[in-house]
Structures are given as C-alpha cells and as structure tokens.
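A look at the structure
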Protein chains: 2
Amino acid sequence: MLADDELGKERETLSEPLLPAYFKAFDAIAADERNVLIVAEAPDSKVLGCLQMTVIPGLGYQGAERAIIEDVRVDKAYRGRKIGHQMLRWAIGEARRRQCRLIELFVHEKRASARRFYARLGFKDSHAGMRLPLE
Amino acid sequence: MLADDELGKERETLSEPLLPAYFKAFDAIAADERNVLIVAEAPDSKVLGCLQMTVIPGLGYQGAERAIIEDVRVDKAYRGRKIGHQMLRWAIGEARRRQCRLIELFVHEKRASARRFYARLGFKDSHAGMRLPLE
C-alpha cells in the first residue's frame, strides 16, 4: 500500500522477497514501545489499511507527551468504507489512553482529500510541516 | 525558555521548584535512545538554547528512519548570534549520522521568522502540519 500511491510509487521498491530494510524497519517499530503500527484486516485476514503512531515525550506543555501519526494508507479497492476513519478513531483513543496532549501529522499539500479527511476528524491546519531531505 | 515565548507563555507553568511533570518528562527523554535533548551553553554554563530531536523508525522510503525536531528555543537576550543555527547544524549532522532519510518539523503559522530560518537551512514547506488537541 505504501508503494501503491501517487507519491509513494517513486520511493518504494516492491520485490519478492521484500528488501531486508523493510524487515529491519518493522522489527525496530515492533521493539519500541513508543511506536505502534496497526493494520485493518478483512475477515479473511487480508490487510486493507495501515497506520503508524509514535508517542514522543517532551518538556513543552508542562511535560506532556504527544503522538505523531504517519504512513496512513488504505487499499485503493477498499476506500470509501470508513476504514481510514476507524483506524484514526482507534489511534485517537490510544493516544488519549497514553495521556498524550495532542496528535500531530503531516499531510502533503497535494493530498487535498486527506486534508479534508483529517479536518473532519477535528485536526486543525495551524502549522506548516517543513522537511529537509538528507540524501 | 519554553515559557518565555508568545505562544508558550500560555501553556507552561514556571514555579520553584518546577512541576514534577517537567522532571518526569526530562527523565523519559533521557532514558530513550531515540530522543535527544540538547542545550547550547555559554562559557559560564548558562543555558542559551535548547532543541529536541526524535528518531522514528518507519516502513516508508524503503524502511528509512526519519528525525523530528521540536521545541527549538533560544534565550531572547541571545538571539541573532547564530545559536539556533548552530543547534540545527548539529541536529542535521546527528540525523545524518543516524542515517535518517529526512528531518521533519512543525512551525506555527504565526512564527514567520522561524519559517524563514528553516527555509535558509534548506527545509521545504511542502506539507501542512495538522494538530488535534486531546484536552
């Protein structure tokens, strides 16, 4: 799903087996209690969507933790069925359970429908998300 | 410094001693190898600036790690002396050393001079930074 995306297709490599780097990254996420990677599954266990959330400790806001959500994807064939909405509702609940003060995420300016999706969930567009590539 | 700021003054509490929540947050940052909190010091050890960087594992970009920088502050009395610039140069070098693929950060839309500062360092303003408060 990360590769099957107008932006992602240029930066992912699909092979069988997958590149070892993907497995290594998965293990790093699984080993870190501050990182959560969830998938949405169909009854037959087909993966329909994914989402990663990272909980970051910080001094600001009186020492509050905050959550960052990235890599939200839903299988193209299953869009419009509230799968993304359900994953986000789960993540918001999990961030509350972990007593996070806020949830942050970056949305590429080209993803207009994603921005509307997050706005409907209550996300405010008050910040610029700036990026520095290191290649 | 987090409190001595037009946005921060409304969300921090300065007391002597500081709220226990600040010490708890500091300990959580110090205990996590994926979190780095640095300070810029004068020769007399006075703290002039601070910066936090979090390194996040992820599946995207072929399993690349990325860094998120937050809570960049410089003492008002010491601005214009390239202290922020030096801290950012250090953080960029540290992110490269940790083989991060990119560095991300959020800048509030009201912080126009901060946006220009990061743009001069090469950061691109290609994303919206959206936030959901959880209070």
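Please refer to the structure higher up on the page.
About the thresholds
Residues numbered from 1 in each chain as written. Chains lettered and ligands numbered in written order. Predicted model: local features only at pLDDT ≥ 70, side-chain atom pairs only at ≥ 80, totals over all residues. Heavy atoms only, no water. Least-squares fit on C-alpha atoms with pLDDT ≥ 70 in both. Contact = heavy atoms within 4.5 Å. Buried < 20%, exposed > 50% of the residue type's maximum accessible area, 1.4 Å probe, protein only. Helix = DSSP H or I, 4+ residues; strand = E, 2+ residues; numbered from the N terminus. Pairing = 2+ DSSP bridges. Right-handed = clockwise from strand over helix to strand, strands pointing away.

We now examine the relation of the copies chain A and chain B. Overlay of chain A on chain B (RMSD 0.0 Å): rotation 180°, translation along the axis 0.0 Å. Expressed as an axis order, the relation between the two copies is that of a two-fold axis. Residue Gly 129 of chain A, judged by its C-alpha, is the member of chain A lying nearest the rotation axis, at 2.2 Å. Here 100% of the contact residues of chain A are again contact residues in chain B; the copies associate through an equivalent surface.

What follows deals with the pairing of strand 4 (residues 100-108) of chain A. Among the nine residues of strand 4 of chain A, nine are classified as buried, and the element is accordingly described as predominantly covered. Relative to strand 4 of chain A, strand 3 (residues 65-74) of chain A is paired through five bridges, and the arrangement is parallel. Bridge assignment links Ile 69 of chain A to a residue of strand 4 of chain A, and that residue is Leu 105 of chain A. Remark: the strand 3 of chain A/helix 3 (residues 83-97) of chain A/strand 4 of chain A crossover connection has right-handed handedness. Summarising the sheet, strand 4 of chain A and strand 5 (residues 124-133) of chain B pair through seven bridges and their orientation is antiparallel. Following the sheet pairing, Val 107 of chain A is matched in strand 5 of chain B by Ala 128 of chain B.

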